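Tertiary structure, described
Now for the letters of each chain:
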Amino acid sequence: MKVTTAALPLLPLFQRLLPGLPGLPGLPGLPAVPGLPDLASLPGRLTGLSLTLLKASALEAAILAGHLLLYPSGVIQERRPIQTLRPTGTHDARDARDPQPSPPPPRLPAPVNPPVVLLHGFIDNRSVFLLLRRSLAQHGRHEIESLNYSPLTCDIRTAAELLGRHIEEICERTGSERVDVVGHSLGGLIARYYVQRLGGDLRVRTLVTLGTPHAGTKVVPLANAHPIVRQMRPGSAVIEELTRPAPGCRTRFVSFWSDLDRVMDPLETACLDHPDLSVQNVRVSGIGHLALPVHPTVATGIRQALDTAGPETGVETDTDTGKHHGGLTVA
C-alpha cells in the first residue's frame, strides 16, 4: 500500500501521457483516482502496439530488399507506341500519283476507363508500381503508364511541367480527354502541383496520393542538402503555393495516409486539407511508407477510388465538417 500511495501523485502525469485511459474507481480508503484500473491492461496494449510496429518494420525491410532487386528494371523509361508522322510539305510516290491529300488517321475511341498514370517517389522509379499495375490490369484497366522523372530533378515545378507534357501526349495517343493519376510520396506532390497550379485539373479526373507530404514533412533534417527535399519542408515556397485558393478545381483527390509512416513528420501531413478541393482522406493502419504502393489491401482501395465517380462508396461523411473520410486496416 505504501508503494501505491507514493505513486498517486504521479498518476496525473500518466493521464496526460496516456489520455486514452478511461476513468476508474479509487482504492479502499483512498479518493477515486481516474485511470487506475486500466493500468493493469497497459502492458498488453503496449505489447500489441509493439507487435504491430515489429510486423510493419519487417514488411518495410522485405519490401525494400525486393525493390532494390527490381530497381534496375525500372531505370529505363517505359516503351510507348511509336507514331509515324510525315513532315509537312513532303510527298511520297503515292502523293505524286494521287494529288488528293490522304485523310488524317482516325482518332482512337475514348476508353471506357481513362488511362492511369503512375508517378513514383523521391529517388525511385516506375518499378515500385509493379504489383499495383498488375492489380489494376487484372481489374479492367488496360491503359496504364508508369512515368519516370530524373533522380537529379531539383524542382517540383519543373517536374510538374514535364508531367503535364506526358499527360497531353497520353491523351492525344489514347483519345481520352482525361486521365487518372496515382502518385506515391513526392510523385503525389508533383501531380498535385500540376493540377492546382498548372491547369492540370482539365486533364486529371482523379488524383490518388500515397503517403504524400501535402503540408510538408520534417523527417531527416540532414537531407536538406537536396533542393527538392527543401521544397517538401513545411512552409516552403511550393507548399505555400499549394495552400492558395483553387476555385473551381475539377479534380477529385483521394489521399491515403498511414499511421505507421515514418517518412511523414507529422503523420497528418499526408492528409490533404484544402477548402477548394474535393478530398477524401483514407487512413491506412498497420503498414509503413514503402508498403503503400505495394500492399494488396491498399491496391483494392485505389481501385475503388478510381472506379468511383464520386466519394460516396465506402466513405463516411463527417456531418460537422462535411469532409469525407475512410479507413483501411491491414492485418
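These notes cover the structure that comes with them. (Residues numbered from 1 in each chain as written. Predicted model: local features only at pLDDT ≥ 70, side-chain atom pairs only at ≥ 80, totals over all residues. Heavy atoms only, no water.)

1. Thoughts on the overall build of the protein chain
Summing up its helical and strand segments, the protein chain has 10 helices and 8 strands in all. Each of the 331 residues in the protein chain was classed as buried or not, and the buried ones make up 43%. Counting only carbon and sulfur atoms, one obtains 62% of the accessible surface of the protein chain, whose full area is about 18,100 Å². (Helix = DSSP H or I, 4+ residues; strand = E, 2+ residues; numbered from the N terminus. Buried < 20%, exposed > 50% of the residue type's maximum accessible area, 1.4 Å probe, protein only. Areas by Shrake-Rupley, 256 points an atom, 1.4 Å probe, with all protein chains shown as cover.)

2. A look at a nonpolar patch on the surface
A surface patch of nonpolar side chains, amounting to about 230 Å² of accessible area, comprises L70, L130 and L131. With respect to the element layout, L130 can be found in helix α5 (residues 130–138). The partly exposed category is assigned to L130, whose relative accessible area is 40%. (Patch = residues over 30% accessible without salt bridge, like charges linked within 9 Å, V, L, I, M, F, W, Y side chains within 5 Å. Salt bridge = Lys/Arg side-chain N within 4 Å of Asp/Glu carboxyl O.)

3. Some remarks on the layout of surface pockets
Within this model, the largest pocket holds a volume of roughly 590 Å³. Lining the largest pocket we find 26 residues, and of these F122, S185, V263, H289 and L290 sit closest to its centre. The leading source of residues in the lining of the largest pocket is helix α3 (residues 42–70), at 5 residues. In the lining of the largest pocket, the residues fall into 17 nonpolar, 6 polar and 3 charged. (1 Å grid on protein atoms, 1.4 Å probe; cavity = no way out; pocket = protein on both sides within 12 Å on 5 of 7 lines; lining within 4 Å. Points joined across faces, edges and corners; volume = space filled by probe spheres on them. Nonpolar A, V, L, I, M, F, W, Y, C, P; charged D, E, K, R; others polar.)

4. Some words on the pairing of strand β5 (residues 252–258)
The buried fraction of β5 is high, at 7 of 7 residues. The two faces of β5 match: R252, V254, F256 and S258 on one face and F253, S255 and W257 on the other face are all buried. With 5 bridges connecting them, strand β4 (residues 204–210) and β5 associate as parallel partners. The residue bridging T206 from the neighbouring strand is R252, located in β5. Judged from the 7 bridges that link them, β5 and strand β6 (residues 278–285) form a sheet pairing that is parallel. What sits directly across from S255, in β6, is N281. (Pairing = 2+ DSSP bridges.)

5. Let's talk about the environment of T206
Within the fold, T206 resides in strand β4. Taking relative accessible area as the criterion, T206 reaches 2% and is therefore assigned buried. A sequence separation of 92 residues divides T206 from P114, and the C-alpha atoms of the two residues are 9.8 Å apart. Sequence-distant contacts of T206, defined by excluding residues within four places in its chain, comprise V179, D180, V181, T251, R252, V254, A305 and L306. (Contact = heavy atoms within 4.5 Å.)

6. Quick word on the side chain of D201
Here D201 shows up in the loop between α7 (186–197) and β4. Given a relative accessible area of 9%, D201 falls into the buried group. There is a polar contact of 2.9 Å between the side chain of D201 and the side chain of R250. (Polar contact = N/O pair within 3.5 Å; in protein donor to acceptor, adjacent residues only side chain to side chain.)

7. What about the pairing of strand β3 (residues 179–184)?
Look at any regular strand and the pattern is simple: side chains alternate between the two faces of the sheet. Along β3, 6 of the 6 residues are buried, which leaves the element largely enclosed by surrounding structure. Along β3, one buried face is formed by V179, V181 and G183 and the opposite face, lined by D180, V182 and H184, is buried too. Alignment of strand β1 (residues 116–119) against β3, held across 4 bridges, turns out to be parallel. Bridge pairing in β3 links L119 to G183. Bridging between β3 and β4 involves 6 bridges; their strand directions are parallel. Bridge pairing links G183 to T209 in β4. In terms of handedness, the path from β3 via α7 over to β4 forms a crossover that is right-handed. (Right-handed = clockwise from strand over helix to strand, strands pointing away.)

Purely geometric numbers; function is a separate question.
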